[in-house]
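Breakdown of the fold
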Amino acid sequence: MEKITIPIGPQHPLLKEPLSLLIDIMGEKVTGGTLRLGYVHRGIEKLAQSRNYIQNVPLIERVCGICSQVHTTTYCYAVEKLLGIEIPARAQYIRALMCELERIHSHLLWLGILCKHIGLDTIFMHTWHDREMVLDIMEELSGGRVAHAANKIGGVRFDLDEDHGPMVISIINKLQGQIGKLRDMVMHEPTIKARTEGVAPLSQDDIRKFCVVGPVARASGVDVDFRRDDPLPPYDQLDFSVVTHTAGDAWARTIVRVEEIEVSMKLCAQILQDIPDGPIEVRASRRVPAGQVVVRAEAPRGEVVYYLRSDGSDSPARLKIRTPSLTALSILPKQLSEIQVADIPVVVAGVDLCIACADR
Amino acid sequence: MVQDIITDIESETGNDCQKIDSILNEQVLQISGEDLRQVVEMLKQKHEFHHLSAITAQILENDSDYVELLYHFWKGFGFTLLLRLKKENPVIDSIIDHIPGSDFYEREVAEMYGVKFNFRDGIPPLLLPDDWVDGPPMLTEKKA
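Residues numbered from 1 in each chain as written. Chains lettered and ligands numbered in written order. Predicted model: local features only at pLDDT ≥ 70, side-chain atom pairs only at ≥ 80, totals over all residues.

So, the overall build of chain A
If you tally the helices and strands in chain A, you get 14 helices and eight strands. Over its C-alpha trace chain A gives a radius of gyration of 20 Å, about what one expects of a compact globule, namely 21 Å for 360 residues. For chain A, the residues scored as buried account for 52% of the 360 residues in total. Within chain A, counting contacts between residues at least 6 apart in sequence, those at least 24 apart form 71% of the total. (Helix = DSSP H or I, 4+ residues; strand = E, 2+ residues; numbered from the N terminus. Rg over C-alpha atoms; globule rule 2.2 N^0.38 Å. Buried ≥ 20, exposed ≤ 12 C-beta atoms within 10 Å, placed from the backbone. Contact = placed C-beta atoms within 7 Å.)

Here it is in structure tokens:
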């Protein structure tokens, strides 16, 4: 049988962001593939060197349109570490609250896309409706639905007032019922199981070899979550469980993410219950003492890494960003080999790619 | 733990390995570029360092004749291998056969800093266009 190479992307209905996939097929079987990034490369690492630390906060927020909060949280923490300052506990809790809300809406967005590719448009509509509720909370708190501008070097830009806690809790309670239904659907709906169970399995060995992180790794039984294993404050004060699964297939990746939504909702409630009173920022110098720091955090898609070097001026001498999508993309060609052509959308959607993140 | 690693590296390679307290949150060891593959293999086999978080390349302002490479590992704590290459001809051995996940990291370092990697069948571009002719963007003096 003749081998045919099909180009998918950079512009294609399957992809929500530009990515070039060259997929080799023989009949209905995929035999391999290569991929190419760079269609939304913005040169953010280079740009960061010509802006000062404060100007870089909104720049870093634009690394990703979905997990913008965790990027600014990691960046600000790295700068604060070099400055030798610790932000007030209240600000740490507000940052964590926004990160968990972000994780919920990111996972819901992903679940909707997966269901759309499976052909379950009704579940897609439901998940995106539920996601809107979370975006409403984030808008109410920060003023922004996806770019929240919540963080600043030395703290956060907004405080929670006395109405915010009950408002968030009431929406989270409402969401709880919806997520329960989604969970049941994912666990028992025959179409979802038929399209995801046993599809593109990854072993623990594959995960280790390709340095894959986040829900994809946890779905293969690799028990790593940087909120627990290398926590930024206040995660060291919070009580939560890390969701893992052993099957390693597209279905396990779905279950892990749905259960992580439930963990994040409990974390939001815990944060709002434990949040201390006090200031939300400390004064931070514009110039950052010379030094280097590496900070890791758990984004919705897994470990995000920031390396920052200061030469003592008001701009970074080097800022390196490694996003979790880059590791997920590196294993995608392997996942695509030996699957059916009809499974390509489920596999591509199943790893929850963010191309803007990977391109930077 | 780090002292054990230093001892193992020195006995494996026969070269000095220096501990550097330069990066907050991270244990840093400086090694010779030619020892990289040997050290990575030993770290994997003997100390179970499987997770390579990133490779950072950079040019230091006060030592601009060199490209500095930082291999950031993680195993419950951050651990970085630091090595320096001559900027005029930066060549280093690839570790893709030891850690396949380093593929994209190496490709990015190659196109952004002009570093050449041995032991690879070509290094296709990752982020830059196919017709890019202006050289490695991170080496340019132009401001973004």
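So, the overall build of chain B
Helix and strand content of chain B: three helices and eight strands. Listing the helices and strands of chain B from first to last along the sequence gives α-β-β-β-α-β-β-β-β-α-β. Relative to the globule expectation of 15 Å for 144 residues, the C-alpha radius of gyration of chain B, 15 Å, shows essentially globular dimensions. For chain B, the residues scored as buried account for 38% of the 144 residues in total. Within chain B, counting contacts between residues at least 6 apart in sequence, those at least 24 apart form 48% of the total.

Regarding the pairing of strand 6 (residues 291-299) of chain A
Across the nine residues that make up strand 6 of chain A, a large majority, eight, are buried. Of the strand pairs in this sheet, strand 6 of chain A and strand 7 (residues 302-310) of chain A are connected by nine bridges, and their pairing is antiparallel. Its bridge partner lying in strand 7 of chain A, V293 of chain A is registered against L308 of chain A. In terms of strand pairing, strand 6 of chain A meets strand 2 (residues 23-24) of chain B through two bridges, oriented parallel. Bridging from a neighbouring strand, Q292 of chain A pairs with I23 of chain B of strand 2 of chain B. (Pairing = 2+ DSSP bridges.)

Notes on the interface of chain A and chain B
If you look at the interface, chain A gives 34 residues, while chain B gives 31 residues. Broken down by secondary-structure element, the contributors of at least two residues to the side of chain A that touches chain B are helix 1 (44-49), helix 8 (204-209), strand 6, strand 7, strand 8 (316-322) and helix 12 (324-336) of chain A. The biggest single contributor to the side of chain A that touches chain B is strand 6 of chain A, with six residues. Grouping the constituent residues of the side of chain A that touches chain B by class yields twelve nonpolar, nine polar and 13 charged. (Nonpolar A, V, L, I, M, F, W, Y, C, P; charged D, E, K, R; others polar.)

Some thoughts on unusual backbone geometry
Between P233 of chain A and the following residue, P234 of chain A, the backbone shows a cis peptide bond with an omega angle of 10 degrees. Notably, A200 of chain A is not glycine yet its phi reads approximately 45 degrees, a positive angle. Take A200 of chain A: it is sitting in the loop between helix 7 (190-196) and helix 8. Its 24 C-beta neighbours within 10 Å are what place A200 of chain A among the buried residues. Residues other than glycine seldom take positive phi values, yet E48 of chain B does so here, at roughly 55 degrees. Considering the arrangement of structural elements, one finds E48 of chain B in the loop between helix 2 (36-47) and strand 4 (51-60).

Things to note about the nonpolar core
Residues and elements named next belong to chain A. Of all hydrophobic cores here, the largest spans 149 residues; its most connected members are A78, V79 and V212. With 16 residues, helix 4 (residues 89-118) is the largest single contributor of residues to this core. Excluding residues that lie within four positions of it along the chain, V79 makes contacts with Y53, I153, V288 and L308. (Core = buried A, V, L, I, M, F, W, Y, C linked by C-beta atoms within 7 Å.)

Observations concerning the environment of M187 of chain A
Tracing the backbone shows M187 of chain A in helix 6 (residues 164-188). Each C-alpha atom of the pair M187 of chain A and T254 of chain A lies 9.2 Å from the other, and the pair is 67 residues apart in sequence.

Comments concerning the packing of helix 1 (residues 2-13) of chain B against helix 2 of chain B
All names here are of chain B. The interhelical angle for the contact between helix 1 and helix 2, taken along N-to-C directions, is 130 degrees, at an axis separation of 10 Å. In terms of orientation, helix 1 and helix 2 fall into the oblique class. Between helix 1 and helix 2 lies a crossing of right-handed hand. Counting all contacts with helix 1, which are made through I5, D8, I9, E12 and T13, the residues of helix 2 involved are Q38, V39, M42, K46 and H47. When grouped by side-chain class, the residues that make up the contact of helix 1 with helix 2 number four nonpolar, three polar and three charged. (Axes fitted to C-alpha atoms, helices over the stretch in contact; angles between N-to-C directions. Parallel < 35°, antiparallel > 145°, perpendicular 65-115°, else oblique. Left-handed = near helix turned anticlockwise from the far one by under 90°.)

Notes on the sheet that holds strand 8 of chain A
Strands sit in the order 8(A)-7(A)-6(A)-2(B) across an open sheet of four strands; the sheet is mixed. Looking at strand neighbours, the two that pair on one side only are strand 8 of chain A together with strand 2 of chain B, the edges of this open sheet. As defined by bridge partners, strand 7 of chain A adjoins strand 8 of chain A across six bridges and the pair is classed as antiparallel. Bridging across to strand 8 of chain A, V305 of chain A finds its partner in R322 of chain A.

Side note on the environment of Q58 of chain B
Take Q58 of chain B: it is sitting in strand 4. When the C-alpha positions of Q58 of chain B and V109 of chain B are compared, they lie 9.3 Å apart, and in sequence the two are 51 residues distant. Discounting residues that sit within four places of it in the chain, Q58 of chain B has contacts with R309 and R318 of chain A together with E68 of chain B.

Focus: the sheet that holds strand 1 (residues 4-8) of chain A
In any sheet, the strands associate via hydrogen bonds between backbone groups, in a parallel or an antiparallel arrangement. All names here are of chain A. Ordered by their spatial adjacency, three strands build an open sheet running 1-2-3, and the pairing between neighbours is antiparallel. With one partner strand each, in any of the chains shown, strand 1 and strand 3 (29-36) form the two edges of the open sheet. Ignoring strand direction, the axes of neighbouring strands in this sheet form an average angle of 25 degrees. Looking at chain direction, strand 2 (residues 20-26) and strand 3 are connected through seven bridges and run antiparallel. From the neighbouring strand, L21 faces strand 3, where its bridge partner is L35. Sheet contacts for helix 12: strand 2 and strand 3; angle to strand 3, the most-contacted strand, approximately 160 degrees.

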